[in-house]
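Each chain is listed here by its residues.
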Amino acid sequence: MSKHTIVVCDHIHEDGLNILKNTEDVNYVYAADIDKVALLDVIKDADVAITRSSTDVDEKFLSAATNLKAIIRAGVGYDNVDMEGCSKRGIIAMNVPTANTIAAVELTMAHMLSCMRKFPYAHNQLKQDRIWKREDWYGNELFGKKLGIIGFGNIGHRVGLRAKSFEMDVITYDPYIPSTKATDLGVTYTTNFDDILDCDIITIHTPKNQETIDMIGEEEIAKMKDGVVLINCARGGLYNEDALYNNLKSGKIKMAGIDVFKKEPATDHPLLDLPNVTVTAHLGANTKESQKKIAIQAAENAIESARGIAYPHALNLPIDESKIPSFVKPYIELTQKMAFLSAQLDKSAIRSITVKAEGEIKEYLDSLLTFATVGALSVVGGDEVNYVNAMFIAEEKGIKFETSEVEHCSGYSNKVEIRITTEKRVNSIAGTVFDDDVQRIVELDSFDFDIEPKGKMIMMRNNDVPGVIGNVGKLLGDRSINISDFRLARGKNKDALAIILVDDTINSKLLEEIGSIQDAISVSYAEI
Ligand SMILES: NC(=O)C1=CN([C@@H]2O[C@H](COP(=O)(O)OP(=O)(O)OC[C@H]3O[C@@H](n4cnc5c(N)ncnc54)[C@H](O)[C@@H]3O)[C@@H](O)[C@H]2O)C=CC1
Ligand SMILES: O=C(O)CCC(=O)C(=O)O
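All values reported here derive from a predicted model rather than from experimental measurement. (Residues numbered from 1 in each chain as written. Chains lettered and ligands numbered in written order. Predicted model: local features only at pLDDT ≥ 70, side-chain atom pairs only at ≥ 80, totals over all residues.)

A. Summary view of the overall build of the chain. Helix and strand content of the chain: 17 helices and 22 strands. Relative to the 2.2 N^0.38 estimate, which gives 24 Å for 528 residues, the radius of gyration of the chain is 31 Å and therefore markedly larger than a compact globule would have. Each principal axis of the C-alpha atoms in the chain carries an extent, and together these give about 110 × 50 × 35 Å. Taking all 528 residues of the chain together, 40% fall into the buried category. (Helix = DSSP H or I, 4+ residues; strand = E, 2+ residues; numbered from the N terminus. Rg over C-alpha atoms; globule rule 2.2 N^0.38 Å. Buried ≥ 20, exposed ≤ 12 C-beta atoms within 10 Å, placed from the backbone.)

Structure, rendered in structure tokens:
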């Protein structure tokens, strides 16, 4: 039995590890305790890798992981995964999005309470210093305070719910949600970021990306109330760390509760020296409950993706499969097959790929183009080409793309046409699907056909004169090649195109011989 190598790069709960260990077709490699340089050697054999935030999936990692087909980020944020690098290599990246939500929400509330009551400092004074000095620890209440939540997704909205139960006045800024998601919970929704800056406590729960890095800097802090409290249990760098440090030092920011740092591990970060910061070492997801859920999901998803069965929560697929209606799927398959066939017809560099569609299917032209590209490039690229990397590879080769909607005129309810322009010629092929899943090629180079896209096919263009079919049949018979089907389409210019299905592979020598039959114009061969 061939085994899939799954490398676990970071610590995950043992229930996930046990699933991997006990799966027969998995070669499980535990690499969480080795350093990240040694990991580069181990990762070269991986079909699938499981990582957490301690492993950067960067150029070094990806260049070493030459076998990698999928990567599971065992958590939510994937800012430490080079998504473009994965896509270019055809690696499907997935995360495990909701398994640690509650853990992160509760840590946020803990930091909020901790900042308000200066809990760690009060704790240390009694426990470490053995001093009983109650007058040092007058804190503040959450009750009645105005809480600003930036990012009202899985974590942000649950922080909002919990804050409401503390009878806080909650407002959120998240331009990517419907306002009712907030207002239905009794939370004020704003599109004016300054409303957030006017709060007593601000917490951020967005992903880290170009738009959110340094979202809070000197300028924003200057607009805040004196004595504001800031919480960050999302990602280091969403609050500019220099601005955070300077304003904590000056007292403009009274307290900050910080779980995440721009560079981790952060054992000598300047923020650690300040008396008005409560810190944790990126523990947002660290509850036993959440780690167990994440590890089980990550292990199951790793196995499914290693087997090529499913890619749950894939992040870099060009197509959201859940949004593709079932009637479209056979067209996608047919498009890939037709492009694969068409690109075999002359062996020269592809210059452009055009996809035209008529009927309801024209709504899905982008997906059809992606799959046409996969089909066309697979002729040379084989299994290395998939729908994650196909467009990247094509762009690198300088291939141009075009899509167009065609008015309904063919009589088919839906029809897809692909034109592949190569250095030598333009190959055109069109197809449709009957009765939901019966795929048919209905045109090849403007000749009408009705043929299943399957098998070993000789395409012969010839002058439409008597004797040609007989001569081809005889030649193939003499070479013991069995003909399983023969379709002929006649053109307007006394020419014809035959598709001859055969049981055996046709080599280039035999193809040349067929091409030299009298009245043959051109001949090509393809397999699907
Ligand atoms: N400290 C830790 O251990 C953990 C940290 N996280 C971090 O928390 C982040 C949020 O996690 P979830 O709530 O599960 O993600 P989510 O995807 O459910 O929510 C993110 C929200 O941010 C909003 N958003 C995006 N860009 C925005 C912008 N420019 N301004 C305002 N809102 C914006 C989105 O619309 C979305 O509603 C993750 O991306 C991850 O980085 C998540 C889990 C654990
Ligand atoms: O990977 C981890 O351990 C931290 C969790 C986290 O930051 C996330 O899920 O985004």
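B. Structural view of the pairing of strand S5 (residues 92-95). In S5, alternate side chains face the same way, and those of Ile92 and Met94 on one face and Ala93 and Asn95 on the other are all buried. The pairing of strand S4 (residues 70-73) with S5 spans four bridges and is classified as parallel. Within S5, the position partnered with Arg73 by the bridge is Asn95. Once you follow S4 into helix H4 (residues 83-88) and on to S5, the crossover reads as right-handed. (Pairing = 2+ DSSP bridges. Right-handed = clockwise from strand over helix to strand, strands pointing away.)

C. Focus on the UniProt feature "domain: ACT" (unreviewed entry) in the chain. Under the feature "domain: ACT" (unreviewed entry), the UniProt entry names residues 457-528. For residues 457-528, the end-to-end C-alpha separation is 8 Å, with 26% helix and 43% strand making up the annotated structure. (UniProt positions renumbered as here; feature names shortened; annotations may be inferred.)

D. Structural context of the site of ligand 2. As a matter of local geometry, ligand 2 sits amid Arg52, Ser53, Gly75, Val76, Gly77, Asn100, His282, Gly284 and Ala285. Residue composition of the shell around ligand 2, grouped by class: two nonpolar, six polar and one charged. (Near = placed C-beta within 6 Å. Nonpolar A, V, L, I, M, F, W, Y, C, P; charged D, E, K, R; others polar.)

E. Layout of the pairing of strand S17 (residues 438-444). As defined by bridge partners, strand S16 (residues 426-434) adjoins S17 across six bridges and the pair is classed as antiparallel. Bridge pairing in S17 places Phe434 opposite Val438. Linkage of S16 to S17, two consecutive antiparallel strands, is achieved through a turn of three residues, within which Asp435 is found at a positive phi near 45 degrees.

F. Structural detail: the site of ligand 1. Around ligand 1, a shell composed of 32 residues is seen, among which Gly77, Gly151, Gly153, Tyr176 and Gly284 lie nearest. Taken together, the elements giving at least two residues each to the shell around ligand 1 come down to helix H5 (101-117) and helix H7 (154-165). Sort the elements by how many residues they give to the shell around ligand 1 and H7 lands first, with three residues. For the shell around ligand 1, the residue count by class is 14 nonpolar, 13 polar and five charged.

G. Spatial organisation of helix H13 (residues 329-344). Relative to the 22 Å expected for 16 residues at 1.5 Å per residue, H13 spans 23 Å between its end C-alpha atoms, a close match to the ideal helical length. Most of H13 sits out of view: 13 of its 16 residues are buried. (Expected span 1.5 Å × (residues − 1).)

H. Just the packing of helix H1 (residues 14-21) against helix H12 (residues 288-306), in detail. Running from N to C, H1 and H12 point in directions that differ by 20 degrees, and their axes come no closer than 7 Å. Viewed along their axes, H1 and H12 adopt a mutual orientation that is roughly parallel. Considering how the two elements wind past one another, H1 and H12 form a crossing that is right-handed. Contacts from Asp15, Gly16, Ile19 and Leu20 of H1 reach H12 at Lys292, Ala295, Ile296, Ala298, Ala299 and Glu300. Across the contact of H1 with H12, the residue classes tally to six nonpolar, one polar and three charged. (Axes fitted to C-alpha atoms, helices over the stretch in contact; angles between N-to-C directions. Parallel < 35°, antiparallel > 145°, perpendicular 65-115°, else oblique. Left-handed = near helix turned anticlockwise from the far one by under 90°. Contact = placed C-beta atoms within 7 Å.)

I. How the structure looks around the sheet that holds strand S6 (residues 146-150). Strand order in the open sheet formed by seven strands is S8-S7-S6-S9-S10-S11-S12, and the pairing between neighbours is parallel. Each end of this open sheet is capped by a strand with a single partner; those strands are strand S8 (188-190) and strand S12 (277-279). Neighbouring strand axes in the sheet, compared pairwise and without regard to direction, differ in orientation by 15 degrees on average. Direction of pairing for strand S7 (residues 169-173) relative to S8: parallel, over a ladder of three bridges.

J. Structural view of the domain arrangement of the chain. Along its sequence, the chain is organised into domain 1 (1-97 + 287-317), domain 2 (101-279), domain 3 (327-452) and domain 4 (455-523). For domain 2 and domain 4, the distance between their C-alpha centres works out to 75 Å. (Domains from an automatic or database assignment.)

K. Here's a closer look at the environment of His205. Mapped onto the fold, His205 is located in the loop between strand S9 (201-204) and helix H10 (218-223). When the 27 C-beta atoms within 10 Å are taken as the criterion, His205 is described as buried. Along the chain, His205 and Glu384 lie 179 residues apart, while their C-alpha atoms are 37 Å from each other.

L. Structural view of the nonpolar core. Counting 51 residues, the largest nonpolar core has Leu368, Ala372, Ala376, Val416, Ile458 and Met459 as its most contacted members. Top element by residues in this core is H13. It accounts for eight residues. Each of two domains, domain 3 (327-452) and domain 4 (455-523), supplies a minimum of three residues to this core. Beyond its immediate stretch of four places on either side in the chain, Leu368 contacts Tyr331, Ile332, Thr335, Val355, Ala357 and Val416. (Core = buried A, V, L, I, M, F, W, Y, C linked by C-beta atoms within 7 Å.)

M. How the structure looks around unusual backbone geometry. Pro265 follows Glu264 through a cis peptide bond whose omega is -5 degrees. With phi around 75 degrees, Asp436 is a residue other than glycine that occupies positive phi space. For Asp436, a count of 9 C-beta atoms within 10 Å puts it in the exposed group.

N. Highlighting the confidence of the model for the chain. Model confidence for the chain is summarised by a mean pLDDT of 95, while 100% of its residues fall at 70 or above. Interface scoring of the predicted complex returns ipTM 0.99; its pTM is 0.83. (pLDDT = per-residue confidence, 0-100.)

O. Representation of the sheet that holds strand S13 (residues 350-358) in the model. One open sheet holds the six strands; their spatial order is S14-S13-S15-S16-S17-S18, and the pairing between them is mixed. Edge positions in the open sheet fall to strand S14 (400-405) and strand S18 (447-451), since each of these has one partner strand only. The mean angle between the axes of side-by-side strands here comes to 20 degrees, regardless of whether they run parallel or antiparallel. Pairing geometry for S13 and strand S15 (residues 415-422), over eight bridges, is antiparallel. Along S15, the bridge assignment pairs Ala357 with Val416. Relative to S15, H13 is tilted by about 25 degrees, and along the sheet it contacts S13, S15, S16 and S17. Along the sheet, helix H14 (residues 365-381) makes contact with S13, S14 and S15, crossing S13 at roughly 140 degrees.

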